[in-house]
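The chain contents come next:
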Amino acid sequence: YEFSVYQSEPENAKSISDNHILCIAEDKAGFLWIGTNNGLNRFDQSANTFKRYLHNNKDLTSLSHNMILSLYVDEEDNLWIGTTNSLSRYNRETDIFEQIIIADMADEAINTITGYEGKLYLGTQSKGVIVYDLKDKKHATYKTKGETPLNDIRALYIDSNENLWIGMHHDGIVLLNKNRQYLTTYNKSTGLSNEYIRCIAESPEGNILVGTFNGLNIINPKSSKITQYKTYDSLSGNLSHYSIYSI
């Protein structure tokens, strides 16, 4: 294998703006959008160059903040950006950003974004899950499901059965059905290796893959059986490290 390494070069405006990468998304044109601790970057894979987007206090059409926590490209190829204080949409035609105003969401961090059937699901720091309807601009809020308050959400995933998996920083996973009614909670007492959830995905067989601070977990949704993988020794066919950041 051969890898190219891209690093920030202060004197080179066409290099990436920061070396601390927080999120990545790809649009239909093939551009990679890379969120960092200090700005958003668009990587042109054909030209091998970056274009930087940074907050400007004097420009209301710039990014609302330079710390980019989440990125999501929807079915219409719109790029949505979650920062430490708001949600924004990128306008491709004008190359500017529109800040999305949602009631009671001022200065709220958007840690993760996903979407389904014309709605955005926003995982926030302290306001729970915000479901934002792109057509009528209305929203619903999920703050508590079951006995678990939904705070510091780090991962959202809608599976092939339309269930919503909500992963949190310290409280494991809350599972909602397609009608967004509470189904169950997964945590250490039910078999998770760790309750700091970083990422959630689905296997072709329909199992749910959960990456945590301490291990990979595979959940069988039909039986609720959880298989843990925490051993790290890549030379022996195991994980290269126990801490999972993305799947």
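Everything that follows concerns the structure shown earlier in this document.
Reference entry: report on the structure contained in this document. Treat the numbers as computed from the prediction; the structure is a model and nothing was measured.

1. Comments concerning the pairing of strand E7 (residues 87-91)
Then, in step 1: Sheet analysis places strand E6 (residues 79-83) next to E7, joined by four bridges and oriented antiparallel. Pairing of glycine 82 across the sheet is with leucine 87, part of E7.
Then, in step 2: Where E6 folds back on E7, the antiparallel hairpin that results is connected by three residues.
Then, in step 3: In this structure, E7 lies alongside strand E8 (residues 96-100), joined through five bridges in antiparallel fashion. Directly across from leucine 87, in E8, lies its bridge partner isoleucine 100.
Then, in step 4: Linkage of E7 to E8, two consecutive antiparallel strands, is achieved through a turn of four residues, within which aspartate 95 is found at a positive phi near 60°.

2. Observations concerning the layout of surface pockets
Then, in step 1: Considering only enclosed or pocket space, the largest pocket measures out at about 970 Å³ in volume.
Then, in step 2: Of all the secondary structure elements, the ones that give two or more residues to the lining of the largest pocket are strand E1 (21-26), strand E5 (68-73), strand E9 (110-116), strand E15 (153-158) and strand E19 (197-202).
Then, in step 3: The element best represented in the lining of the largest pocket is E1, accounting for five residues.
Then, in step 4: Of the residues that constitute the lining of the largest pocket, the class distribution is 18 nonpolar, four polar and two charged.

3. Let's talk about the packing of aromatic side chains
Then, in step 1: Applying the stated rule across the entire model yields 11 aromatic pairs.
Then, in step 2: When the ring of tryptophan 33 is compared with that of tyrosine 90, the centres are 4.9 Å apart and the planes differ by 55°; the resulting orientation is tilted. With tryptophan 33 in strand E2 (residues 32-36) and tyrosine 90 in strand E7, this residue pair connects regions lying 57 residues apart in the sequence. We note that tryptophan 33, like tyrosine 90, is buried.
Then, in step 3: Between the aromatic rings of phenylalanine 213 and tyrosine 242, the centroid separation amounts to 6.3 Å while the plane-to-plane angle is 75°, which identifies the pairing as edge-to-face. Of this pair, phenylalanine 213 sits in the loop between strand E20 (208-212) and strand E21 (215-219) while tyrosine 242 sits in the segment after strand E22 (226-229), and the two are 29 residues apart along the sequence.
Then, in step 4: For the cation-ring pair, arginine 42 lies above phenylalanine 31, with the distance from its terminal atom to the ring centre recorded as 4.5 Å.
Then, in step 5: It is arginine 198 that lies over the ring of tyrosine 245; its NZ or CZ is 3.8 Å from the centre.

4. Quick word on the pattern of salt bridges
Then, in step 1: Summed over all chains, the structure comprises six salt bridges.
Then, in step 2: In this structure, aspartate 27 and arginine 92 form a salt bridge, with 3.0 Å as the shortest nitrogen-oxygen distance. Here the residue aspartate 27 occupies a position in the loop between E1 and E2, and arginine 92 occupies one in the loop between E7 and E8, the gap between them amounting to 65 residues.
Then, in step 3: According to the relative accessible area criterion, aspartate 27 is buried, its value standing at 5%.
Then, in step 4: Across the salt bridge formed by arginine 89 and glutamate 98, the nearest N and O atoms sit 3.3 Å from each other.
Then, in step 5: Look at the salt bridges and you will find they share partners, linking Asp27, Asp77 and Arg92 into a network.

5. A word on the sheet that holds E5
Then, in step 1: Spatially, the four strands line up as an open sheet ordered E5-E6-E7-E8, and their pairing is antiparallel. The sheet terminates laterally at E5 and E8, the two strands that pair on one side only. Here the strands of the sheet are splayed against their neighbours by 25° on average, with no regard to which way each runs.

6. Focus: the environment of tyrosine 157
Then, in step 1: Along the chain, tyrosine 157 turns up in strand E15.
Then, in step 2: Judged by its relative accessible area of 22%, tyrosine 157 falls in the partly exposed class.
Then, in step 3: Note: C-alpha distance between tyrosine 157 and threonine 114 (43 residues apart in sequence) is 7.0 Å.
Then, in step 4: The residues contacting tyrosine 157, other than those within four sequence positions of it, are Asn163, Leu164, Trp165, Ile200, Ala201 and Glu202.
Then, in step 5: Only 3.5 Å separates the side chain of tyrosine 157 from the side chain of glutamate 202, close enough to count as a polar contact.

7. Structural notes on the environment of lysine 137
Then, in step 1: Of note, lysine 137 is situated in the loop between strand E11 (129-133) and strand E12 (139-142).
Then, in step 2: In this structure, the C-alpha to C-alpha distance between lysine 137 and alanine 155, residues 18 residues apart in sequence, is 23 Å.
Then, in step 3: From its side chain, lysine 137 meets the backbone oxygen of leucine 134 in a polar contact 3.0 Å long.

8. A closer look at the pairing of strand E17 (residues 173-176)
Then, in step 1: Of the two faces of E17, the one carrying Ile173 and Leu175 and the one carrying Val174 and Leu176 are both buried.
Then, in step 2: The pairing of strand E16 (residues 164-168) with E17 spans four bridges and is antiparallel. Directly across from leucine 164, in E17, lies its bridge partner leucine 176.
Then, in step 3: Remark: four residues form the turn of the hairpin made by E16 and E17, two consecutive strands paired antiparallel; glycine 172 in that turn has positive phi of roughly 70°.
Then, in step 4: Across four bridges, the pairing between E17 and strand E18 (residues 182-186) is antiparallel. Each residue of the ladder has a partner; that of valine 174, found in E18, is threonine 185.
Then, in step 5: Counting the residues that bridge the hairpin from E17 to E18 gives five residues, and of these arginine 180 lies at a positive phi of roughly 65°.

Calculation rules
Residues numbered from 1 in each chain as written. Predicted model: local features only at pLDDT ≥ 70, side-chain atom pairs only at ≥ 80, totals over all residues. Heavy atoms only, no water. Pairing = 2+ DSSP bridges. Helix = DSSP H or I, 4+ residues; strand = E, 2+ residues; numbered from the N terminus. 1 Å grid on protein atoms, 1.4 Å probe; cavity = no way out; pocket = protein on both sides within 12 Å on 5 of 7 lines; lining within 4 Å. Points joined across faces, edges and corners; volume = space filled by probe spheres on them. Nonpolar A, V, L, I, M, F, W, Y, C, P; charged D, E, K, R; others polar. Phe/Tyr/Trp six-rings, centres within 6.5 Å; stacked < 30°, edge-to-face > 60°. Buried < 20%, exposed > 50% of the residue type's maximum accessible area, 1.4 Å probe, protein only. Lys NZ or Arg CZ within 6 Å of the ring centre and 35° of its normal. Salt bridge = Lys/Arg side-chain N within 4 Å of Asp/Glu carboxyl O. Axes fitted to C-alpha atoms, helices over the stretch in contact; angles between N-to-C directions. Contact = heavy atoms within 4.5 Å. Polar contact = N/O pair within 3.5 Å; in protein donor to acceptor, adjacent residues only side chain to side chain.

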